[in-house]
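Working through the structure, step by step
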Amino acid sequence: MYDHALKGIEGRLFQTSKGGLKYFAEFKNGRLEPKMDHLACFSGGMVALGAKGSQDEQKYINIGAEIANTCHQSYDRTASKLGPESFRFHDAGNEAKAMKANEKYYILRPEVIETYFYLWRFTKDKKYRDWGWEAVQALEKHCRTDSGYSGIRDVYNPHPPKDDVQQSFFLAETLKYLYLLFSDDSLLPFDQWVLNTEAHPLPIKGTH
């Protein structure tokens with residue numbers, strides 16, 4: 001089932017930009033749009049998680065790593081080092097960047113950190129922890145307030161205005177995935193626990 005699903009995704013959505021970045025394009029009204037949402041960045045971890053037991057485990061780990069890299073580029077190419085709500089791939093010199101004003105905000109989303117966590121667990125490549133720490137520093141610099149954390153309105157502004165909202169998923173997912181990224185594998189091991197789409201850990205039957 002996994003291999004069948006990924007074959008379809010690869011054939012229809014998995015794209016390479018002019019600058020060499022891999023991404024999952026959006027399919028709308030019968031055509032591809034060279035764009036990814038921050039929400040779609042969970043897919044790097046999803047592909048890597050399903051790789052074990054597939055027909056080509058390393059291939060799918062590599063695809064997950066490519067998505068993780070592209071999503072990291074969407075963060076690294078901003079002044080705040082936090083990623084936009086959406087980013088596009090129209091121009092080789094201006095890729096993985098938001099093109100519209102209503103795509104430039106960051107509302108404390110977890111999906112990029114989620115993918116770093118899964119790729120760290122499967123590869124032990126230190127860069128995923130390094131990238132996670134970059135995000136921590138950016139959150140502390142641009143989002144922390146006296147009473148919590150706030151989203152920001154423009155990730156490309158070195159002094160971005162805040163939106164004065166702390167989303168509930170920031171505590172439930174973003175901080176949880178950061179904590180897990182820097183924790184030992186013995187905390188919520190994958191052979192005993194499943195994290196659902198909102199990062200709630202559910203025990204696998206018969207392992208506890």
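Described in the following lines is the structure provided in the data block. (Residues numbered from 1 in each chain as written. Predicted model: local features only at pLDDT ≥ 70, side-chain atom pairs only at ≥ 80, totals over all residues. Heavy atoms only, no water.)

It is worth spelling out the environment of His159 at this point. Checked against the element boundaries, His159 lands in the loop between strand S8 (148-149) and helix H6 (168-181). We classify His159 as exposed; its relative accessible area is 68%. In this structure the C-alpha to C-alpha distance between His159 and Glu114, which are 45 residues apart in sequence, comes to 26 Å. (Helix = DSSP H or I, 4+ residues; strand = E, 2+ residues; numbered from the N terminus. Buried < 20%, exposed > 50% of the residue type's maximum accessible area, 1.4 Å probe, protein only.)

Take the nonpolar core next. Among the nonpolar cores identified, the biggest contains 50 residues, and Met36, Leu82, Tyr106, Tyr128, Leu139, Cys143 and Tyr177 are the most heavily contacted of them. Of all the secondary-structure elements, those providing two or more residues to this core are strand S2 (22-24), helix H2 (43-51), helix H3 (57-76), helix H4 (111-123), helix H5 (127-142) and H6. At eight residues, the largest contribution of residues to this core is made by H3. Leave out the neighbours within four places in its chain, and Tyr177 touches Pro110, Ile113, Glu114, Phe117, Tyr118, Leu195, Asn196 and Ala199. (Core = buried A, V, L, I, M, F, W, Y, C linked by side-chain atoms within 4.5 Å. Contact = heavy atoms within 4.5 Å.)

What follows covers the packing of H2 against H3. Direction vectors running N to C along H2 and H3 enclose 165°, while the axes themselves pass 8 Å from each other. Comparing their axes, H3 and H2 come out roughly antiparallel. Two packed elements cross with a definite hand, and for H2 against H3 that hand is left-handed. Taken together, the residues of H3 that come into contact with H2 (itself represented by Ser43, Gly44, Val47, Ala48 and Ala51) are Glu57, Tyr60, Ile61, Ile63, Gly64 and Ile67. (Axes fitted to C-alpha atoms, helices over the stretch in contact; angles between N-to-C directions. Parallel < 35°, antiparallel > 145°, perpendicular 65-115°, else oblique. Left-handed = near helix turned anticlockwise from the far one by under 90°.)

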